[in-house]
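Residue-level structural notes
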Amino acid sequence: MHDRRAVASLSHERAPALVSWVVHPCRPLLALALSLAACGGSREQSAPPLEADALPPHLYASTRAAGIVSHTRQGADFGDAMRYHFIDVGQGDATLLEFPCGAVLIDTGGEQNASFDSTKALLGYLDAFFDRRPDLGRTLDLVVITHPHIDHMRSVIDVLERYKVRAVIDDGKTEAESEHDPGPEQQARMHEWLAAHPEVAHQDVKVGDIGPVGLTEGLIDPIGACEASRVDPRLTLLWGAVTEELDSYGHDPNNHSLVLRVDYGKASALFTGDLEIIGLSRLFTKYKDHPELFDVDIYQVGHHGSKNATIHYQMEAMSPKLAVISMGPYDRVHDWTARKYGHPNLIALEHLVHPKTGVTGWREEPIEAWVGIKGAWKDERKEVFERRTISKAIYATGWEGTVVVTAAASGELAVDTER
Ligand SMILES: [Zn+2]
């Protein structure tokens, strides 16, 4: 069932107060050597710039051929396009997919402490979005909950109560892994809410429900073409709750995350939730005959840029043009923050800037950011972060606030950041 709504062309509207950046093709020769160059403390010396002619010319040519556009500072006007809104909810995930003919929300999470209220941030953003898109009638065609951790579903009831939601999919799991995690209880509350509101369709997805090229049936792919766009976006679910060999696989909710691929014309994106190494390994084994399912332009970096959720063969299969990390800022020090988890981690960033398998696009301007060198820490003495300069097209909500990626049906991309 596809709604047909007449809307103004998406490409002519811009979210206010966002800084525009490009996924830049024109400066890789110098910037390649500077990516992730250390620049503080004993790292005061930046890596020396690589001579421009030290790189083979095909690197430049292939980057340009990948369809990445130059930034004009006039805003991207691509004709038929969709937008990925990686909403700044602090440490957590909430990504709004804005199509000309509908909207989907992946996760409703975020950070909650004395310094930050992610529910307020998320609802404020969605209210402003629906004000800008009155044609959508405050309707989310689908809400996807990747897994029942509170940083992914804190605000789900608020979202269900406040907007018209047509359908919800989740992994169905409500058993708690530890008494400290309120996520499964929140998922159980969501199931109760859904049972009391049969007008909202609901589907729990297990890996066993998913065929050899992913799942697009049922509630998963609700948006079609409409008057405003002839492009029919395609949402494909690649992973869900695992029900077999759990003795070896484990019960960590991260590894039961829903994994979603999004296609809009020639532009594509992959969301792996918080899937960790064992989950990624099984995921790639399941689709070993269809590696093309992972070939995408946009990668939402797994598990907030954790060191255990981005791996080499995944990068090889994806060859993304740009990556976005959803995590909190370095300067908020509370429990359950990016600072305490050491996100994003250097290991993930090393994968993202790898010269052969890393992100192929370039930022308009490099950014200096704090990068975790170790994993999570509970004790200040163990904190290890370093300042690094990132030149590749890697963006993060903890660095730049909300990140909006415009993806044209032609495959062209542009990026706007809140700051
Ligand atoms: Zn998470």
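Model, not experiment: these values are computed from the prediction.

Digging into the overall build of the protein chain
Looking only at helices and strands, one finds 12 helices and 22 strands in the protein chain. Across the 419 residues of the protein chain, 50% fall into the buried class. By sequence separation, contacts in the protein chain at least 24 residues apart represent 72% of the contacts at least 6 residues apart.

Some points on unusual backbone geometry
Comment: phi is negative for the bulk of residues other than glycine, and the bulk of peptide bonds are trans. Here the bond from His-343 into Pro-344 is cis, since omega is -5 degrees, no more than 30 degrees from zero. Turning to its location among the elements, Pro-344 is positioned in the loop between α10 (338-341) and α11 (346-353). Backbone geometry places Arg-138, a non-glycine residue, at a positive phi of 50 degrees. Along the chain, Arg-138 turns up in the loop between α3 (118-132) and β8 (139-140). For Arg-138, a count of 16 C-beta atoms within 10 Å puts it in the partly exposed group.

Examining the nonpolar core
Among the nonpolar cores identified, the biggest contains 100 residues, and Val-405 and Ala-407 are the most heavily contacted of them. Setting aside anything within four residues of it in sequence, one finds Val-405 in contact with Arg-83, Tyr-84, Ile-298, Leu-322, Val-324, Leu-413 and Val-415.

What to know about the sheet that holds strand β16 (residues 298-300)
One open sheet holds the 6 strands; their spatial order is β13-β14-β15-β16-β17-β20, and the pairing between them is mixed. Edge strands, defined here as strands with exactly one partner in the open sheet, are β13 (234-239) and β20 (394-396). Taken pair by pair, the neighbouring strands of this sheet meet at an average axis angle of 15 degrees, ignoring direction.

Brief notes about α3
Its 15 residues place the ends of α3 21 Å apart at the C-alpha level, agreeing with the 21 Å of an ideal helix rising 1.5 Å per residue. Those residues of α3 lying buried are Ser-118, Ala-121, Leu-122 and Leu-126. All buried residues of α3 project into a common sector of 120 degrees when viewed along the axis, lining one side. Facing away from the buried surface of α3 by more than 90 degrees, the exposed residues are Gly-124 and Asp-131. Against the buried residues of α3 lie β6 (112-113) and β7 (116-117).

Notes on the confidence of the model for the protein chain
Confidence along the protein chain averages 83 in pLDDT terms, with 80% of residues attaining 70 or more. A low-confidence stretch, residues 1-22 (pLDDT under 50), is modelled with 56 contacts involving residues beyond four sequence positions or located in other chains. Note on residues 24-75: pLDDT under 50 across the span, and 85 contacts to partners over four residues away in sequence or across chains.

Details of the pairing of strand β3 (residues 81-86)
Summarising burial for β3: 6 of the 6 residues are buried, a large majority. Bridge count between β3 and strand β21 (residues 403-408): 6 bridges; the pairing is antiparallel. By the bridge assignment for β21, His-85 is matched with Val-404.

Structural notes on helix α8 (residues 277-286)
Of all the residues in α8, the buried ones are Gly-279, Leu-280 and Leu-283. Relative to the axis of α8, the buried residues are bounded by an arc of 100 degrees and lie together on one face. Where α8 is buried, its residues contact β13, β14 (259-264) and α9 (312-318).

Conventions we followed
Residue numbers run consecutively from 1 along every chain, following the written order of its sequence. pLDDT decides what is reported in this predicted model: residues at 70 or higher carry local features, side-chain atom pairs at 80 or more are listed and counted, and totals for whole chains, interfaces and linings draw on all residues regardless. Secondary structure elements are taken from DSSP: a helix is a run of H or I of four residues or more, a strand is a run of E of two residues or more, and numbering for both begins at the N terminus. Between the buried cut of 20 or more and the exposed cut of 12 or fewer other C-beta atoms within 10 Å of a residue's own C-beta lies the partly exposed class, and all C-beta atoms are placed from the backbone. Placing a C-beta atom from the backbone of each residue, one calls two residues in contact when those atoms lie within 7 Å. A set of buried residues qualifies as a nonpolar core if it consists of Ala, Val, Leu, Ile, Met, Phe, Trp, Tyr and Cys joined through C-beta atoms within 7 Å. Strands are treated as partners if at least two bridges between them are detected by DSSP. Axis definition: a line fit to C-alpha positions, over the contact stretch in the case of helices; interaxial angles, taken between N-to-C directions, run 0 to 180 degrees. By this rule, a helix spans an expected 1.5 Å times one less than how many residues it contains. As used here, the arc is the angular range of directions from the helix axis to the C-beta atoms. As a per-residue quantity, pLDDT reports the predictor's confidence and falls between 0 and 100.

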